[in-house]
Amino acid sequence: MNTRFSENEVRFRISRLELESLLSGHWLHLELDLPDQEGYQFRIHPFDVPGNENQPLFLNVREKVMELGVSTASLRELAMRLPSKEGLTAKVPSRGTAQVLRVALEVDSKDRL
């Protein structure tokens, strides 16, 4: 997994093997240790919430952990579209501001199994 930040956007990119792992119900975890600071954690996990079929992604950020939840149905749909550069996206309102954060999950289209 790699994570990219740009203005009003967070993008998670995963390999096909990582997609298969998510489809099997496993979590992905990346930890980034910075010199003289505590580490940051990035997690991606599948979720099934009845009634939330129209919400492919949700983002939860607390302290030094950024967690991306992806609906299982959206993961299956993403797998069916491969190889494709098009991933999953969602717009998340920023707390305390009128700005909206774009969140994306992409599968590396150049990745070969």
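In what follows, the structure referred to is the one given above.
Nothing here was measured: the structure is a model prediction, and the numbers come from that model. (Residues numbered from 1 in each chain as written. Predicted model: local features only at pLDDT ≥ 70, side-chain atom pairs only at ≥ 80, totals over all residues. Heavy atoms only, no water.)

A.B. asks: Before we move on, could you go through the overall build of the protein chain and cite the residues and values that matter?
C.D. replies: The helix and strand tally for the protein chain stands at two helices and eight strands. For the protein chain, the succession of helices and strands along the chain, N to C, is β-β-α-β-β-β-β-α-β-β. Overall, the protein chain is about 40 × 30 × 25 Å in size when its C-alpha atoms are taken along their principal axes. Counting only residues that meet the buried cut, the protein chain has 37% of its 113 residues in that class. Look at the contacts in the protein chain between residues 6 or more apart in sequence, and 51% of them connect residues 24 or more apart. Of the roughly 7,300 Å² of accessible surface on the protein chain, 49% is carried by carbon and sulfur atoms. Of the side-chain charges in the protein chain, 15 are positive and 17 negative, and the distance between the mean point of each set is 6 Å. (Helix = DSSP H or I, 4+ residues; strand = E, 2+ residues; numbered from the N terminus. Buried < 20%, exposed > 50% of the residue type's maximum accessible area, 1.4 Å probe, protein only. Contact = heavy atoms within 4.5 Å. Areas by Shrake-Rupley, 256 points an atom, 1.4 Å probe, with all protein chains shown as cover. Lys, Arg positive; Asp, Glu negative; His and termini not counted. Charge placed at Lys NZ, Arg CZ, Asp CG, Glu CD.)

A.B. asks: With reference to specific residues and values, describe helix 1 (residues 16-23).
C.D. replies: Among the residues making up helix 1, those that are buried are Arg16, Leu19 and Leu22. For helix 1, the buried positions fall inside an angular range of 110° around the axis, keeping them on one side. Looking one or two places after helix 1, you find Gly25, whose phi comes out positive at around 95°. (Arc of directions from axis to C-beta.)

A.B. asks: Account for the pattern of salt bridges, naming residues and giving values.
C.D. replies: In total, this model carries seven salt bridges according to the counting rule given. Look at the salt bridges and you will find they share partners, linking Arg4, Glu9 and Arg102 into a network. (Salt bridge = Lys/Arg side-chain N within 4 Å of Asp/Glu carboxyl O.)

A.B. asks: Outline the pairing of strand 6 (residues 65-71), listing residues and values.
C.D. replies: Across the seven residues of strand 6, seven count as buried, placing the element largely inside the fold. Neither face of strand 6 is left uncovered, since the one carrying Val65, Glu67, Gly69 and Ser71 and the one carrying Met66, Leu68 and Val70 both have all their residues buried. Bridge count between strand 4 (residues 40-47) and strand 6: seven bridges; the pairing is parallel. In the strand pairing of strand 6, Gln41 is matched with Val65. (Pairing = 2+ DSSP bridges.)

A.B. asks: Tell me what's going on with the nonpolar core, and back it up with residues and numbers.
C.D. replies: Ranked by internal contacts, the top residues of the largest apolar core, which has 22 residues, are Phe12, Ile14, Ile44, Leu57, Leu68, Val70 and Leu105. Secondary-structure elements contributing two or more residues to this core are strand 2 (9-14), helix 1, strand 4, strand 5 (57-62), strand 6, helix 2 (72-81), strand 7 (88-93) and strand 8 (100-107). Ranked by residue count, the leading element in this core is strand 8, at four residues. Apart from residues no more than four positions distant in its own chain, Ile14 is found in contact with Met1, Leu19, Leu22, Leu28, Ile44, Leu105, Glu106, Val107 and Asp108. (Core = buried A, V, L, I, M, F, W, Y, C linked by side-chain atoms within 4.5 Å.)

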